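Architecture at a glance
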Amino acid sequence: MPEVIFTGEKGRLEGRYQPAKTRHAPIAIILHPHPQFGGTMNNPVVYNLYYQFVNRGFSTLRFNFRGVGRSQGAFDHGQGELADAAAALDWAQSINPDARACWIAGFSFGAWIGMQLLMRRPEVEGFISIAAPANLYDFSFLAPCPSSGLFVHGDKDAVVPFSAVTGLVEKLKTQKGIVIDQQTVPGANHFFDGKTEELMEVVGAYLDKRLPETAKKTSAA
């Protein structure tokens, strides 16, 4: 799990990057929760998301937004963090010029940033949004949502009501040409305390459904 430093809008950004073993492997970018509430790339959900993609043959990057850990800059209420995510994808693509596709996975605040990046980068073909804060941030920019993906929520989330995410998902499901999946982790709070394993089972099953060939290779390895 090599440590990497790449250049963002406000200076250096630190990350952890695992290259794939094949030239044409897809890229995955993992985005962490809110920087002002303890969110970092070492968050347990982010860490485990990272390995869901690594274990399926992706070139995978997780990183700290500006002002977190050794990443330079200061919190910018989302606009700067979106620029950081774009810089992360640019960096990953620069060292994987033959990558055939890209996925974005985000947790809470990171899910909001990830969905904005999805709208700006047509090469992103799939997303995972965990505990998407649909009651705290405006997701109306998803009009239309350009890619299929998965929303996962805990039914005991006291930060983001389940109904807020369901309302967002129902709107997206009316769009043609994409498939939006929604899954619930019973008993899980916003942080998936004690429920990370169950969350990863949901994510892994979705990835295996979307990536049948990758899954077969992984299981045969």
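No experiment lies behind these values; they were computed from the predicted model shown. (Residues numbered from 1 in each chain as written. Predicted model: local features only at pLDDT ≥ 70, side-chain atom pairs only at ≥ 80, totals over all residues. Heavy atoms only, no water.)

1. Points about the nonpolar core
This is how the line gets drawn: Only buried Ala, Val, Leu, Ile, Met, Phe, Trp, Tyr and Cys residues count toward a nonpolar core, and they belong to the same one when joined by side-chain atoms within 4.5 Å. Throughout this description, buried means an accessible area under 20% of the type-specific maximum (1.4 Å probe, protein chains only), exposed means over 50%, and partly exposed covers the range between. Strands here mean DSSP runs of E at least two residues long; helices mean DSSP runs of H or I at least four residues long; both are numbered from the N terminus. For this analysis, residues touch if any pair of their heavy atoms sits within 4.5 Å.
In terms of nonpolar packing, the biggest core is built from 42 residues, with Ile 29, Cys 145 and Phe 151 touching the most fellow members. No other element matches the 8 residues that helix H2 (residues 79-94) contributes to this core. Not counting residues up to four positions away in its chain, the partners in contact with Cys 145 are Met 115, Leu 118, Met 119, Phe 127, Leu 172, Gln 175, Ile 178 and Ile 180. Formed by 27 residues, the second largest nonpolar core is a distinct cluster that contains Val 46, Phe 53, Phe 58 and Val 202.

2. Focus: the packing of helix H1 (residues 44-54) against helix H5 (residues 196-210)
So the rule is basically this: Note on geometry: axes are lines fitted to C-alpha atoms, helical ones only across the stretch in contact, with angles between N-to-C directions running from 0 to 180 degrees. Roughly parallel means an angle under 35 degrees; roughly antiparallel, over 145; roughly perpendicular, 65 to 115; everything else is oblique. In a left-handed crossing the near helix is turned counterclockwise from the far helix by less than a right angle, and in a right-handed crossing that turn is clockwise. Gly is put with the polar residues, along with every residue not named as nonpolar or charged; the nonpolar set is Ala, Val, Leu, Ile, Met, Phe, Trp, Tyr, Cys and Pro, and the charged set is Asp, Glu, Lys and Arg.
At a minimum axis distance of 10 Å, the contact between H1 and H5 shows a crossing angle of 30 degrees. By the angle between their directions, the pair H1 and H5 is classed as roughly parallel. Classified by chirality, the crossing of H5 by H1 is right-handed. In this structure, H1 uses Pro 44, Val 45, Asn 48, Leu 49, Gln 52 and Phe 53 to contact H5, whose residues at the interface are Thr 196, Leu 199, Met 200, Val 203, Gly 204 and Leu 207. Of the residues contributing to the contact of H1 with H5, the split by class is 8 nonpolar, 4 polar and no charged.

3. Points about the UniProt feature "domain: Xaa-Pro dipeptidyl-peptidase-like" (unreviewed entry) in the chain
Definition in use: UniProt positions are given in the numbering used here, feature names are shortened, and annotations may be inferred rather than shown by experiment.
The UniProt record annotates "domain: Xaa-Pro dipeptidyl-peptidase-like" (unreviewed entry) at residues 17-138. Strand forms 20% of residues 17-138 and helix 32%; the C-alpha atoms that close the span are 30 Å apart.

4. As for the pattern of salt bridges
In a structure, side chains of opposite charge can pair up when their charged atoms sit close to one another. Which entries qualify depends on this criterion: Criterion for a salt bridge: a side-chain nitrogen of Lys or Arg within 4 Å of a carboxyl oxygen of Asp or Glu.
Inspection of the entire model under this criterion finds 12 salt bridges. For the salt bridge of Arg 66 with Glu 9, the shortest nitrogen-to-oxygen distance reads 3.0 Å. Within this pair, whereas Arg 66 is found in the loop between strand S4 (59-63) and H2, its partner Glu 9 is found in the loop between strand S1 (3-8) and strand S2 (11-18), the two being separated by 57 residues in sequence. Lys 195 is the partner of Glu 198 in a salt bridge, and the nearest nitrogen-oxygen pair spans 3.9 Å. Classification of Glu 198 by relative accessible area gives partly exposed; the value is 31%.

5. What to know about the sheet that holds S2
The criterion, for reference: Between any two strands, pairing holds if DSSP finds at least two bridges.
If you trace the 8 strands from one edge of the open sheet to the other, you get S1-S2-S4-S3-S5-S6-S7-S8, paired in mixed fashion. The open sheet has two edge strands with one neighbour each: S1 and strand S8 (180-185). Within this sheet the neighbouring strands show an average axis-to-axis angle of 20 degrees, counted without direction. Both strand S7 (residues 148-154) and S8 contribute to a ladder of 6 bridges, which runs parallel.

6. A word on helix H3 (residues 109-120)
Note: α-helices contain 3.6 residues per turn, so residues at a spacing of three or four share the same orientation. Rule in force here: Here the expected length of a helix is defined as 1.5 Å per residue gap, with one fewer gap than residues.
Its 12 residues place the ends of H3 18 Å apart at the C-alpha level, agreeing with the 16 Å of an ideal helix rising 1.5 Å per residue. Most of H3 is tucked away, with 10 of its 12 residues classed as buried. If you check which residues of H3 are buried, you get Phe 109, Gly 110, Ala 111, Trp 112, Ile 113, Gly 114, Met 115, Gln 116, Leu 117 and Leu 118.

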